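Listed here are the chains, written in short residue letters.
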Amino acid sequence: MRKVGSILLLLGLESVGFAVFVAFMVAEGLGAIMAVLFGVLIASLALGRTKRLSEALRNLFEEHRKLAIAWGGLFVLALPFILHDNPYAVHMLFLAGLFVALAIGLDFQVGSTNLVNFATASTYGIGAYTAALLSVSFGWSFWIVLPLSGLAGMLFGFVLGLPTMKTKTYYLSLVTMAVGLIIYLLLNNLSWTGGPNGIAGIPTPTIGGSDFADGLTVFGIELPFQANFYYLILAVVLVEYIVARRLHMSKVGLAWNAIRDDEIAASCQGIDVTGYKIMAFYTNAFFDGLVGAIYAFSVGFISPENFAFMLSVIVIAMVLVGGMGNTAGVVVGAVLLTLIPEKLQVVEAYRLWLFAIIMLVMLLARPRGLFPQLVRQYR
Amino acid sequence: MSFGGLTALDQVDLRVHAGETVGLIGPNGAGKSTFFNVVTGIYAPSGGQVLFRGDDLGRLKSHQVVRRGIARTFQNNRLFWQLSILDNVLIGMHLRQKATLADVIVRYGRTRRELNACAREAIEILNHFSPDLAAQHSRSVLDLPQGDRRRVEICRALASRPTLLLLDEPSAGMSPDETDKLMEDIAIVRRKFSGITIVVIEHDMGVIDKIADRVVVFNFGRKLTEGTFAEIARDPAVVEAYLGEDDGA
């Protein structure tokens, strides 16, 4: 009897959460948007303040882990169906997925290892340009170009990591900023990257003869074509999430955390500090490259403006707001910080002003992020 | 070993035999901690050799020195402050886990079993010293009093299964009660990890008297003398090093 009760409670909680999310996605008025936001903030505060509540919830999810994941996964898969007559909302979900993928990767560096890398836009851009050049110039298929873009990003991450190792903290951030700027200027000035005009005419991917530009009809529901890209990025996010969790619960995640807390003590435990820092760079950069390729293929046109400094700052903010070192928290941070500015379009002129206030309130209320890193549990 | 114009360690000739516990004493600035930092690869020596079981450690980096079987603690505990007690000890087993990056991503089941086995062993190590610490292994190390922090640091050093353990002033900042427990802890180390060699820097002569088989005295970056505690305590040169020039009073 107790077990049935706890299962119903779990399913009910998840359902309420998703109902709120869908309400937020379709909300038009400012009042509704703000109500949802403050609801999330208050929930996070309540979890942070009352240990018993957060522990009870954690136990509830741990007890029925598979069910919780299945029910939640069903909702995530169903979102394009629920929002099928709102292509813009589905596109927003795709963008949110894109930023989730960037933020989870950046957390390897910023959250786990305390390497505040400001060159996310560059690695992401390298992936996008690799994809665009290979598909436009050579006509290679998306499915070959995708992993190559990941590898190109990874190679760049490795090359970026090497000289950066000579520096620490603020100086490291400065080096990454400089590299980001160099890449941005190169993209703008090289002739083979199209200069400021970028690269146009990137073909949409195809799978088994059907084009990603055509919407699918499933169970009699006509999905907008944006749903195709949503499911694509969802698959990448899923793989990346699993990789992130595995890294976190392994000697790699422990070594990264050790380096974050005390480099000298870490090296005296046998951790190759330089090697593990570079590993944080290239594992992150691999996913940035993949995501860049997906972005290029989804919009069909890229230019240097898509890979400017501001993008790197936004992804760092997503990690900070979500909670450094907590992959699930980073997902929440990335989704919120993608959707909030878009939803705030209703207030037009005050949009950025309001966005800044929301960020400030969140960080003042939860200085370590909405969901900080949890204590590792072993069995 | 020198820093700019300052020679911090000069012609130190020191031998440590397997299985013994050596006390390293000397006034502040005598070069004791510098000596540890040279041995563990934090500083590269400007001359001379550090031989460990016949290998020269001089050119090795810190993480390579650990691989040879040398572990240490620090004067002001350097724990991983944002992590739990268990994670701190588990990080000491970094080199003992064979998993590579590919194993972590692709063969996670095996990696996880290895990690869990290490976690159980880490709890066992904690249990040697304090069943309380072992039971509360998920607590943050920040919540612990000084004595327990030092204990976790010793457990972390032991986790790598070292043959040589370097303790840098383990009683620093401890109350007399905590210092008594520390001496018991070191006795436990020698009992449970038999054959381990220990070099301990200490200012508390009570601790040195009780645990050291042999005492080495440093002064101004040089080895002043060595011997048993009783011999050292009688040596006028040692007394002078600690109390300063005798004016014939």
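Remember, it's a predicted structure, so these values are computed and weren't measured experimentally. (Residues numbered from 1 in each chain as written. Chains lettered and ligands numbered in written order. Predicted model: local features only at pLDDT ≥ 70, side-chain atom pairs only at ≥ 80, totals over all residues. Heavy atoms only, no water.)

Quick look at the sheet that holds strand 10 (residues 222–227) of chain B now. All names here are of chain B. With mixed pairing, the six strands of this open sheet are ordered in space as 6-7-8-3-9-10. Taken across any chain shown, the strands that pair with only one partner, and hence form the sheet edges, are strand 6 (70–72) and strand 10. Going across the sheet, the axis of each strand differs from the next one's by a mean of 20°, ignoring polarity. Relative to strand 9 (residues 214–219), strand 3 (residues 21–25) is paired through four bridges, and the arrangement is parallel. When the bridges of strand 9 are listed, L24 appears paired with V216. Where helix 1 (residues 32–39) meets the sheet, its contacts fall on strand 3, strand 6, strand 7 (164–168), strand 8 (197–201) and strand 9, and the angle it forms with strand 7 comes to roughly 145°. Across the sheet, helix 8 (residues 176–192) lies against strand 3, strand 7 and strand 8, angled at about 160° from strand 8, the strand it touches most. (Pairing = 2+ DSSP bridges. Helix = DSSP H or I, 4+ residues; strand = E, 2+ residues; numbered from the N terminus. Axes fitted to C-alpha atoms, helices over the stretch in contact; angles between N-to-C directions. Contact = heavy atoms within 4.5 Å.)

Let us now look at the pattern of salt bridges. For the structure shown, the criterion picks out 18 salt bridges over all chains. Note that D262 of chain A is salt-bridged to R78 of chain B, the shortest N-O span being 2.8 Å. With D262 of chain A in the loop between helix 10 (251–261) and helix 11 (263–267) and R78 of chain B in the loop between strand 6 and helix 3 (85–91), this pair bridges two chains. Residue class for D262 of chain A comes out buried when judged on its relative accessible area of 11%. Residue classification places R78 of chain B among the partly exposed positions, given a relative accessible area of 26%. Across the salt bridge formed by R68 of chain B and D55 of chain B, the nearest N and O atoms sit 3.2 Å from each other. Of the two residues, R68 of chain B is situated in the loop between helix 2 (62–67) and strand 6 and D55 of chain B in strand 5 (residues 55–56); the sequence distance between them amounts to 13 residues. According to the relative accessible area criterion, R68 of chain B is partly exposed, its value standing at 33%. The class for D55 of chain B is partly exposed, based on a relative accessible area of 37%. Overlapping salt bridges, with partners in common, bring together E20, R214, K223 and E226 of chain B in one network. (Salt bridge = Lys/Arg side-chain N within 4 Å of Asp/Glu carboxyl O. Buried < 20%, exposed > 50% of the residue type's maximum accessible area, 1.4 Å probe, protein only.)

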